[in-house]
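What follows is each chain in one-letter form.
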Amino acid sequence: MLITTNPPHIPPSKEALGFISERNLFKFLVKEKVFFALYTTDFDIQKETPFWYVIKDKGYCFEELSSNARRQIRRGRESFVVEKINPDEYRKEMYAVFCSSMQGYDKAERISVSFEDFKFWYKEKAFVFFGAFVRQSDNSKGELVGYKIYSDSGNGCIDQCVQKVKVEWEQKHVANVLEDALLLDVRKELEENQKYVCCGWRNLHHKTNNEKFLEEHFKFRKAYCRLHIRMCLLMNVAVFLLMPLYPLLSKSKKKILYDISSVLLMTKIARECKKT
């Protein structure tokens, strides 16, 4: 699968995959070693569509949050020390957090990666890392129980790349204080309307309340857009034949069938977007 690297608000250029002719599409996909390509257009369109990004484009003010959100952040601040970290100094601890967090996913959604491969993830300078440590009685840092990574490449979009929390700490407000730390870090840019924070596109399969959590606790919102998917002829035929099986495939616990159902779902969404 190939996904455009443009931020959501920057449409594909004329040379990008959205404008490749059907005649040249197969060569393009073979060159990129993928079966299909995805991109979005009409970012933040003023009408509801079946696809969206979750963003925050307004300033962050703690006092304007709901009383419940403020209470949970305060509890989190009392229990954890959150600060920017150098990933090279905490790579083993981050790997332990990552492996623990995978236990909270369905088997078909889990990612298995060795520590040697994990060491090379997110090595670019544009990434910013926050770590959440258990606060000791003397306010020193204890165990690393969660981390958040965001990227600011200077194009107006602050991308929340990933957040992982040890599964046994998920109900202890770690996510609240990590999000709070990120938004405080970029508050000036938000207040001056220079940039927006993007937490990715709509959830497809993974059972998570993250979208609802961000909208209710931190005043994120949906920025509707249109999803496009480009496939070669053979892939289109395969999708046509498998589409009737989508209800069955979407319930499978096997990763290969789960991945196939995801492609079918994205195809369904892209078709619905054409109607809006």
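Here we summarise the structure given alongside this text. (Residues numbered from 1 in each chain as written. Predicted model: local features only at pLDDT ≥ 70, side-chain atom pairs only at ≥ 80, totals over all residues. Heavy atoms only, no water.)

1. A word on the overall build of the protein chain
Counting its regular elements, the protein chain contains ten helices and nine strands. In terms of overall size, the protein chain behaves like a compact globule, its C-alpha atoms giving a radius of gyration of 20 Å where 276 residues would be expected to give roughly 19 Å. Summarising its shape, the C-alpha atoms of the protein chain cover approximately 65 × 40 × 35 Å along the three principal directions. Per-residue burial for the protein chain yields a buried fraction of 46% across its 276 residues. Averaging the positions of the 46 positive and the 36 negative side-chain charges in the protein chain gives two centres separated by 6 Å. (Helix = DSSP H or I, 4+ residues; strand = E, 2+ residues; numbered from the N terminus. Rg over C-alpha atoms; globule rule 2.2 N^0.38 Å. Buried < 20%, exposed > 50% of the residue type's maximum accessible area, 1.4 Å probe, protein only. Lys, Arg positive; Asp, Glu negative; His and termini not counted. Charge placed at Lys NZ, Arg CZ, Asp CG, Glu CD.)

2. Focus on the nonpolar core
Within soluble globular proteins, side chains that are nonpolar tend to cluster in buried spots. Residues Leu183, Val197 and Phe218 are the most contacted members of the largest nonpolar core, which totals 32 residues. Going through the elements one at a time, strand S3 (51-56), helix H2 (67-79), strand S5 (127-135), strand S6 (141-152), strand S7 (157-165), helix H5 (174-185) and helix H7 (210-218) are the ones with two or more residues in this core. Sorting elements by how many residues they give to this core places H5 first, with seven residues. In contact with Val197, not counting residues within four places along its chain, are Val54, Ile55, Lys56, Ile158, Gln160, Leu182, Leu183, Val186, Leu190 and Phe220. By size, the runner-up hydrophobic cluster in this structure holds 30 residues, among which are Phe36, Phe51, Met235 and Leu265. (Core = buried A, V, L, I, M, F, W, Y, C linked by side-chain atoms within 4.5 Å. Contact = heavy atoms within 4.5 Å.)

3. A closer look at the packing of aromatic side chains
Taken as a whole and judged by the stated rule, the model has 18 aromatic pairs. Aromatic side chains Phe118 and Trp121 sit 5.4 Å apart centroid to centroid with 50 degrees between the ring planes, which places their arrangement in the tilted category. Members of the aromatic cluster, each reached through a chain of ring pairs, are Tyr95, Phe98, Phe115, Phe118, Trp121, Tyr122 and Phe127. Above the plane of the ring of Phe133 lies Lys141, whose end atom (NZ or CZ) is 4.8 Å from the centre. (Phe/Tyr/Trp six-rings, centres within 6.5 Å; stacked < 30°, edge-to-face > 60°. Lys NZ or Arg CZ within 6 Å of the ring centre and 35° of its normal.)

4. Side note on the environment of Thr40
Note on placement: Thr40 falls in strand S2 (residues 36-41). In the structure, Thr40 is positioned 34 residues away from Asn6 in sequence and 9.4 Å away in space, judged by C-alpha atoms. A polar atom in the side chain of Thr40 sits 3.1 Å from the side chain of Tyr53. (Polar contact = N/O pair within 3.5 Å; in protein donor to acceptor, adjacent residues only side chain to side chain.)

5. Details of the pairing of S6
Taken together, the eight bridges between S5 and S6 define a ladder with antiparallel strand orientation. Opposite Ala132, over in S6, you have Gly146 as the bridge partner. Strand direction decides the pairing type here: S6 and S7, joined by seven bridges, are antiparallel. Bridging from a neighbouring strand, Tyr150 pairs with Gln160 of S7. Taken together, S6 and the strand that follows it, S7, pair antiparallel across an intervening segment of four residues, in which Gly154 is found at a positive phi of about 85 degrees. (Pairing = 2+ DSSP bridges.)

6. With respect to the packing of H2 against H5
Close contact between H2 and H5 brings their axes to 8 Å; oriented N to C, the two are set at 95 degrees. By the criterion of interaxial angle, the relationship of H2 to H5 is roughly perpendicular. On H5, the residues touching Gln72, Ile73, Gly76 and Arg77 of H2 are Asn176, Val177, Asp180 and Leu184. Here the contact of H2 with H5 is composed, by residue class, of three nonpolar, three polar and two charged. (Axes fitted to C-alpha atoms, helices over the stretch in contact; angles between N-to-C directions. Parallel < 35°, antiparallel > 145°, perpendicular 65-115°, else oblique. Nonpolar A, V, L, I, M, F, W, Y, C, P; charged D, E, K, R; others polar.)

7. Points about unusual backbone geometry
Backbone geometry at Asp44 places phi at a positive 60 degrees, although glycine is not the residue there. Checked against the element boundaries, Asp44 lands in the loop between S2 and S3. The backbone phi angle of His173 is positive, close to 70 degrees, even though this residue is not glycine. Considering the arrangement of structural elements, one finds His173 in the loop between S7 and H5.

8. With respect to the side chain of Ser261
Within the secondary structure, Ser261 is located in helix H10 (residues 255-275). From its side chain, Ser261 meets the backbone oxygen of Tyr258 in a polar contact 2.7 Å long.

9. Observations regarding H10
Between its first and last C-alpha, H10 extends 31 Å over 21 residues, near the 30 Å set by a 1.5 Å rise per residue. Along H10, the positions that sit buried rather than exposed are Tyr258, Ser261, Ser262, Val263, Leu264, Leu265, Met266, Thr267, Ile269, Ala270 and Cys273. Packing partners of the buried residues in H10 comprise S2, S3, strand S9 (221-231), helix H8 (233-242) and helix H9 (246-249). (Expected span 1.5 Å × (residues − 1).)

10. Observations regarding the side chain of Thr40
You can call Thr40 buried: its relative accessible area is 8%. When near neighbours in sequence (up to four residues on either side) are disregarded, Thr40 contacts Pro12, Phe51, Tyr53, Cys225, Arg226, Leu227 and His228.

11. What about the pattern of salt bridges?
Inspection of every chain in the model, using the stated rule, returns 13 salt bridges. A salt bridge links Arg77 to Asp180, with the nearest nitrogen and oxygen atoms 2.9 Å apart. Residue Arg77 is located in helix H2, and its partner Asp180 is located in helix H5; the two are separated by 103 residues in the primary sequence. Taking the relative accessible area as the measure of exposure, Arg77 reaches 34% and is therefore partly exposed. A salt bridge links Glu83 to Lys141, with the shortest nitrogen-to-oxygen separation between them at 2.7 Å. Residue Glu83 is found in strand S4 (residues 80-84), and its partner Lys141 is found in strand S6; the two are separated by 58 residues along the sequence. Judged by relative accessible area, which is 28%, Glu83 ranks as partly exposed. Because the salt bridges share partners, they merge into one network encompassing Asp44, Asp57 and Arg221. (Salt bridge = Lys/Arg side-chain N within 4 Å of Asp/Glu carboxyl O.)

Function-wise, these values are silent; they only describe arrangement.
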